[in-house]
Amino acid sequence: MKGKFTAVLFILTFILIAAIVFTVLSGLDRIRAPEPSPTPASDAGAEAVNIVPADANTTPYLIPSTEPTPAPTPAATIAPTPAPTPVPTLPPAPTPLPTTAPTTVPVSTTLASGSFSSQTNSWLNITADWSVEVLDVDRVTVTVSVSATSFALHYAAFPRSLNISLDGQYVSLDPPSITYDGGEQAVHALGTTSFTVQLPANSSKVLALQVEWQFNGEMGGPNGRQMLPVIECGGSINVTR
C-alpha cells in the first residue's frame, strides 16, 4: 500500500515539473522579438526597404528604388476665351419721300389738239382735225373730224369709203356726196368719230392716227389731171395728263 502511494506521488510531481517547464519555455518564445522577413526579390514593382531593428546607436535608412522616376505631368493649358463677335449696326432706314397725289384734271378738259393734211399735188386734199379731252380718271376721248378741201368737185358717195384708225382701233364711215362748182377753194365735211383710250392721270402716251378716203376719181392740179384712188393723211399724237 505504501508502494502505490509513493508511485502516485511520483507521477504527480513529474506532471507538475513538466507543466512548469512548458510555461517557462512559452514565456521565452513570446519575449523573443521576431526577425524581419526578407523582401522577395521577385517583387520588382515594390520599393525595397531594409528594416533594421531599432537600436539606440543605429539610424534606419531607405535603400533607393531602382524604378525610373516618372516624368511630371504638364499642367493643362487653358485656351483663352475668344471675344464675342460684335453685331453690325444696321444703318437707319431711309425716310420715304412723300407720295405725290395724282393731279386731277376736270372732265372735258382739252389736253391736246392738232391736224394732219394730205399732199396729193392736186387741187384736192383731205385734213384730219383731232382733239384729246379728259373722259375720267383713267381714260381720254380722241375726236377726229375729216374734211376735203377743193375747188370744183363732183363726188358720188359710196358706203364705208372713209377709214380712220387710232391706237389699234378702226372705224369706217360713209361720207356724203359732194357737188361744188364754185371758183373758190371750199371745205367739205366727210365724217367725224371719237375713240376712247386708256390714259391714267400723271401718264403720257403716243397715239398713231391714220385716215384714208377711197376717192377713186380724177382731179386737176398744177401738172394737169391725175387719178386719185386713195387720199391719205395721219401722224403721231402725243398726249400727257
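Model, not experiment: these values are computed from the prediction. (Residues numbered from 1 in each chain as written. Predicted model: local features only at pLDDT ≥ 70, side-chain atom pairs only at ≥ 80, totals over all residues. Heavy atoms only, no water.)

**Q** Before we go on, may I ask you to explain the nonpolar core in this structure?
**A** One broad trend across soluble globular proteins is that nonpolar side chains are buried collectively. The biggest cluster of nonpolar side chains holds 34 residues, and the ones touching the most others in it are L209 and W213. Top element by residues in this core is strand β9 (residues 204-219). It accounts for six residues. Each residue touching L209, except ones within four places of it in the same chain, is listed here: F116, A128, W130, V144, I164, S165, L166, G234, G235 and I237. (Core = buried A, V, L, I, M, F, W, Y, C linked by side-chain atoms within 4.5 Å. Buried < 20%, exposed > 50% of the residue type's maximum accessible area, 1.4 Å probe, protein only. Helix = DSSP H or I, 4+ residues; strand = E, 2+ residues; numbered from the N terminus. Contact = heavy atoms within 4.5 Å.)

**Q** Can you help me understand the sheet that holds strand β10 (residues 226-240) in this one?
**A** Strand pairing within a sheet occurs via backbone hydrogen bonds; the two strands may be parallel or antiparallel. The antiparallel open sheet is built from four strands, whose spatial order is β6-β5-β9-β10. Lying at the two open borders of the sheet, with one neighbouring strand each, are β6 (169-173) and β10. Within this sheet the neighbouring strands show an average axis-to-axis angle of 15°, counted without direction. Pairing of β9 with β10 involves 14 bridges; the strand directions are antiparallel. Opposite Q210, over in β10, you have G234 as the bridge partner. (Pairing = 2+ DSSP bridges. Axes fitted to C-alpha atoms, helices over the stretch in contact; angles between N-to-C directions.)

**Q** Before we go on, may I ask you to explain the pattern of salt bridges in this structure?
**A** Pairing of side chains with opposite charge becomes possible as their charged atoms draw close. Inspection of every chain in the model, using the stated rule, returns three salt bridges. Here R225 makes a salt bridge to E218, at a shortest N to O gap of 3.6 Å. (Salt bridge = Lys/Arg side-chain N within 4 Å of Asp/Glu carboxyl O.)

**Q** It is not clear to me how a nonpolar patch on the surface should be interpreted in this structure. Could you clarify?
**A** A surface patch of nonpolar side chains, amounting to about 580 Å² of accessible area, comprises F10, I11, L12, F14 and I15. With respect to the secondary-structure elements, L12 resides in helix α1 (residues 2-31). Judged by its relative accessible area of 52%, L12 falls in the exposed class. (Patch = residues over 30% accessible without salt bridge, like charges linked within 9 Å, V, L, I, M, F, W, Y side chains within 5 Å. Areas by Shrake-Rupley, 256 points an atom, 1.4 Å probe, with all protein chains shown as cover.)

**Q** Would you mind going over unusual backbone geometry with me for this structure?
**A** Most of the time, phi is negative for any residue but glycine, and the peptide bond is trans. A positive phi is found at R160, a non-glycine position, where the angle reads about 50°. Counting through the fold element by element, R160 comes out in the loop between β4 (153-155) and β5 (162-166). For N202, which is not glycine, the phi torsion reads 60° and is therefore positive. Examined against the element boundaries, N202 turns out to sit in the loop between β8 (186-198) and β9. You can call N202 partly exposed: its relative accessible area is 44%.

**Q** It is not clear to me how the packing of aromatic side chains should be interpreted in this structure. Could you clarify?
**A** Ring pairs (aromatic) are described by centroid distance and by the angle formed between their planes. Within the structure shown, the criterion is met by five aromatic pairs. Pairing W123 with F151 gives two aromatic rings, centres 6.1 Å apart and planes at 75°, and the pair type is edge-to-face. Highlighted residues: W123 in the loop between β1 (110-117) and β2 (124-134) and F151 in the loop between β3 (139-150) and β4, separated in sequence by 28 residues. With a centroid separation of 5.9 Å and 15° between ring planes, the pair formed by Y155 and F215 is classed as stacked. (Phe/Tyr/Trp six-rings, centres within 6.5 Å; stacked < 30°, edge-to-face > 60°.)

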